[in-house]
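# Secondary and tertiary structure notes
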Amino acid sequence: MTTPAAGAAGSADMPDYAPIPRSALSPALNDQGYYVGRVERNLYWVTDGVYQSAFLATRDGVVLFDAPPSIGGNLRRAVDEIAAAFPVQQLTALAGPSGAGRPPWSWTGSSRPPGRCSAGRRDNARTSVASGGRMYCVAARSAGTPIVIIGGGVAGGNAAAALREEGFPGPVVLITREPGFPFGRPPLSKTYLRSEEDVSAWYVRPAGWYDDHDVELRSGPSVMAIDPAAHTVTLDSGEELGYQKVLIATGGRNRRLRLPGAGLPGIHYLRTVAECNAIKREAAPGRRAVVVGMGFIGCEVAASLTQLGVQVTAAFPGQAPLERVLGGQVGALIGAIHRASGVELLPGDQVTAFEGTERLEAVVTAAGHRIACDFAVAGVGIEPDVPPVAVAQDNGILADELCRASAPDVYVAGDVANHLHPLFGRIRVEHFNNAEKQGAAAARSMLGSAAPYDYLHSFWSDQYEHKIEYVGHAVRWDEFVVRGSVAEGRLIGFYLVDGVVQAAAGLDRGGDPELDLDGEMAASARLVSARARPAPAVLADEHTDLWSLGRR
């Protein structure tokens, strides 16, 4: 247990308190559209099914621990319900003692706080429930050997946040090559690329959080070596840092095309904010672009460029976009969506050369096409970005079910981790949701948790006005069962291996499996978790209640 720092409102009444349980994340909402629950004594939590906050009610008011990005509607009514039970109806940030640093916001009376971005994924209006947990306020620089986190993406940022939420009082150092603060990358191919949203909306924690919680954020240096025997990390400056435990969350790096002319200006890759900014400068209405590869990055970039008025041609192996991940039937529907939006698709074709004098002027393909263009974006996948370290590796760093690498006190999370999953076996997953949750799970493992990382993987993709939702994990399948209409392009597809539902994908149907808790995709998640074996005809039958299949 961790006691909030002295000096907070009503500190005399503040007990030690427990983290909000996982069961609180998906309650049955009342008829007003919110749910209030009591965790321990005067600690409450409240959720409207999307956002969650924790409150400590005291005789002096109500201390708000975890503010969502905005408070209104159902959630605000729930806040009022809690506040009305106490003599002073005041909400204020949890403030530490003098010298602890000001919290990023405060709210008194009826004014609305700017809040902070939740830890959950966001995509336009989509935000998942923020994680509950203990709040640890650091009054001064902590001493001792640090926990070192290498990688400042979603996995690394969430690991740092989880260490503090779980009450770790020691020093934390987060090292990242990229400037700025840990953030989620999904908007780089979508809303940020289209200048509809800033990456700050995707910060794992607000900019001021790291100083407020004594997390030393080192932006810029590269890690040259990790020595598990000596428990040291060596930076490119020559500095050597000791660690008690280290988390490798370095993600992936873009695969590069090694073709004639591949070094010409005007050929872009997408992984960082700087790379996205370079594409944004090119993406003017009427210009011509070639997208190389139609995986998720290629599809999302092609859609965003088209929406910006760019004429897009896409060349890719296979017969349909996303065919390798989603199969031929869903891939064909995705291809039809892009064609209907004006993208010229060249399936089964591969780029063989780039042409131009001072910069890119044309792309040449194996089928003999010469496509005149102003710029190109290559989305041909990533490979694990593994720093020099003596641990077992195979398509990333091998990790056990607790996110531990083969060397003592070395942990791994995110795109770089080849994880032993209790349900799916050994897998390496490159999606935002996994990085977010695995980073936090690795942090808890470093603090002694024996809970295996058993997240039932899900991801999503937005292309134009269409949405793809996916739950589970299937790299191969021997049967694909459709529920819905292929002709109308609204369906859920089930991927079966030896009769077992291994994964499901929803195209414009089924809802978010983690947010729409009564939806078909949430029911599909239960089928995957239960390793259900429904008869294919029953699974496809629109009259069948998917929830009933999960209970068998």
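What follows is about the overall build of the chain. Check the secondary structure of the chain and you find 11 helices and 33 strands. Taking all 552 residues of the chain together, the buried fraction comes to 58%. Counted over contacts in the chain with a minimum sequence separation of 6, partners at least 24 positions apart contribute 62%. Only carbon and sulfur atoms are counted for the fraction: they give 49% of the accessible area of the chain, which is about 22,000 Å².

With that out of the way, let us pick up the nonpolar core. With 43 residues, the main nonpolar core has Val 291, Met 294, Leu 305, Leu 326, Ile 334, Tyr 470 and Tyr 495 as its most contacted residues. Counting residues per element, this core draws most heavily on helix H5 (residues 296-307), at 6 residues. Not counting residues up to four positions away in its chain, the partners in contact with Met 294 are Cys 299, Ala 302, Ala 314, Phe 316, Pro 321, Leu 322, His 338 and Leu 345. With 33 residues, the next largest nonpolar core counts Ile 147, Ala 160, Phe 168 and Ala 443 among its residues.

Among the residues making up helix H4 (residues 273-282), those that are buried are Glu 275, Cys 276, Ala 278, Ile 279 and Glu 282. Down the axis of H4, the buried set is contained in an arc of 155°. They therefore lie on one face. Of the residues in H4, the exposed ones pointing more than 90 degrees away from the buried face are Ala 274 and Arg 281. Buried residues in H4 make contact with strand E15 (252-254), strand E16 (267-268), H5 and strand E23 (375-378).

Before going further, it helps to spend a moment on the sheet that holds strand E31 (residues 479-485). Read across the open sheet, the 5 strands follow the order E29-E30-E33-E32-E31; overall the sheet is antiparallel. On the outer flanks of this sheet lie strand E29 (458-463) and E31, each paired with one strand and no other. On average, each strand axis in the sheet is inclined to that of its neighbour by 15°, with strand direction left out of account. By the bridge criterion, 7 bridges tie strand E32 (residues 490-497) to strand E33 (residues 500-507) in an arrangement that is antiparallel. Each residue of the ladder has a partner; that of Val 497, found in E33, is Val 500.

The next thing to look at is the packing of aromatic side chains. Scanning the entire structure with this criterion turns up 11 aromatic pairs. The interplanar angle of 75° and the centroid separation of 4.7 Å between the aromatic rings of Trp 477 and Tyr 495 together place this pair among those described as edge-to-face. One end of the pair, Trp 477, is in the loop between strand E30 (466-472) and E31; the other, Tyr 495, is in strand E32, and 18 residues separate them in sequence. When its relative accessible area of 0% is taken as the criterion, Tyr 495 is described as buried. Among the aromatic side chains, those forming a connected cluster through ring pairs are Phe 296, Phe 459, Tyr 470, Trp 477, Phe 480 and Tyr 495. Seen from the ring of Trp 209, Arg 205 lies directly overhead, with NZ or CZ sitting 6.0 Å from the centre. Stacked on the ring of Tyr 192, the Lys or Arg Lys 280 has its end atom at 3.9 Å from the ring centre.

Closest axis-to-axis distance for the helix H2 (residues 154-165)/helix H8 (residues 432-446) pair is 7 Å, and the angle between their directions is 40°. Classified by the angle their axes make, H2 and H8 are oblique. The chirality of how H2 crosses H8 is right-handed. Across from Val 154, Ala 155, Asn 158, Ala 159, Ala 162 and Leu 163 in H2, the residues of H8 making contact are Phe 432, Ala 435, Glu 436, Gly 439, Ala 440, Ala 443 and Met 446. Residue classes in the contact of H2 with H8 are distributed as 10 nonpolar, 2 polar and 1 charged.

Attention now goes to helix H9 (residues 520-529). Count 3.6 residues to each turn of an α-helix, and residues three or four apart come out pointing the same way. With respect to burial, H9 is a largely interior element, 7 of its 10 residues being buried. Immediately beyond the C-terminal end of H9, within one or two residues, lies Arg 531, with a positive phi of roughly 50°.

Regular strands have side chains that alternate between both faces of the sheet. When you tally the buried positions in E33, you get 8 out of 8 residues, the bulk of the element. Sheet topology places E30 next to E33; 5 bridges connect them, and they run antiparallel. Within the sheet, the bridge partner assigned to Gly 472 lies in E33 and is Ala 503. Count of turn residues in the E32/E33 antiparallel hairpin: 2 residues, of which Asp 498 carries a positive phi of about 55°.

The rules behind the values
- Residues numbered from 1 in each chain as written.
- Predicted model: local features only at pLDDT ≥ 70, side-chain atom pairs only at ≥ 80, totals over all residues.
- Heavy atoms only, no water.
- Helix = DSSP H or I, 4+ residues; strand = E, 2+ residues; numbered from the N terminus.
- Buried < 20%, exposed > 50% of the residue type's maximum accessible area, 1.4 Å probe, protein only.
- Contact = heavy atoms within 4.5 Å.
- Areas by Shrake-Rupley, 256 points an atom, 1.4 Å probe, with all protein chains shown as cover.
- Core = buried A, V, L, I, M, F, W, Y, C linked by side-chain atoms within 4.5 Å.
- Arc of directions from axis to C-beta.
- Pairing = 2+ DSSP bridges.
- Axes fitted to C-alpha atoms, helices over the stretch in contact; angles between N-to-C directions.
- Phe/Tyr/Trp six-rings, centres within 6.5 Å; stacked < 30°, edge-to-face > 60°.
- Lys NZ or Arg CZ within 6 Å of the ring centre and 35° of its normal.
- Parallel < 35°, antiparallel > 145°, perpendicular 65-115°, else oblique.
- Left-handed = near helix turned anticlockwise from the far one by under 90°.
- Nonpolar A, V, L, I, M, F, W, Y, C, P; charged D, E, K, R; others polar.

All we've got here are geometric facts, nothing functional implied.
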